[in-house]
Amino acid sequence: GPDAAEDDYRAASPMTYVDQTLPPVMLMQSNLDDIVPRQQNLDLYIALADAGATVEFHMYDGEEHAFDARPELGRESARLIKSFLNRYMPGAANGE
């Protein structure tokens, strides 16, 4: 908000914590998102990749913020998340 100090914004920003030691990161967004600016996720993806972190970025074309509320995109998102977890946290996607 307007009363927050610059340090508060910096502390809340994921960009502050970007480095190679982060665990794998998966970003998902729609290109018509009117809540989270597309450029913010793109900037985060680039910063993570440049830092040498493992990162994936999935962009949904023609969708708004809650793209995964549509059943077919919800299933697709769940499949991508499960695949990501299986690759980087074996067993996590199955509740182990």
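Our subject in this report is the structure included herewith. This structure is a prediction, so every number in the text was calculated from the model and none was measured.

The end-to-end C-alpha distance of helix 3 (residues 71-88), which contains 18 residues, comes to 26 Å, matching closely the 26 Å that a straight helix rising 1.5 Å per residue would cover. Summarising the contacts, the buried residues of helix 3 are in contact with strand 1 (25-30) and strand 2 (55-60).

The next point concerns helix 2 (residues 38-51). Between its first and last C-alpha, helix 2 extends 20 Å over 14 residues, near the 20 Å set by a 1.5 Å rise per residue. Residues of helix 2 that are buried make contact with strand 1 and strand 2. Two residues or fewer after helix 2 comes Gly52, characterised by a positive phi angle close to 90°.

Turning to the environment of Leu32, a few remarks are in order. Here Leu32 lies in the loop between strand 1 and helix 2. Given the relative accessible area of 47%, Leu32 is considered partly exposed. When the C-alpha atoms of Leu32 and Gly62 are compared, they prove to be 6.0 Å apart, with 30 residues separating the residues in sequence. Leaving out residues up to four positions away in the same chain, Leu32 has contacts with Gly62, Glu63 and Glu64.

What counts as what
Residues numbered from 1 in each chain as written. Predicted model: local features only at pLDDT ≥ 70, side-chain atom pairs only at ≥ 80, totals over all residues. Heavy atoms only, no water. Helix = DSSP H or I, 4+ residues; strand = E, 2+ residues; numbered from the N terminus. Expected span 1.5 Å × (residues − 1). Contact = heavy atoms within 4.5 Å. Buried < 20%, exposed > 50% of the residue type's maximum accessible area, 1.4 Å probe, protein only.

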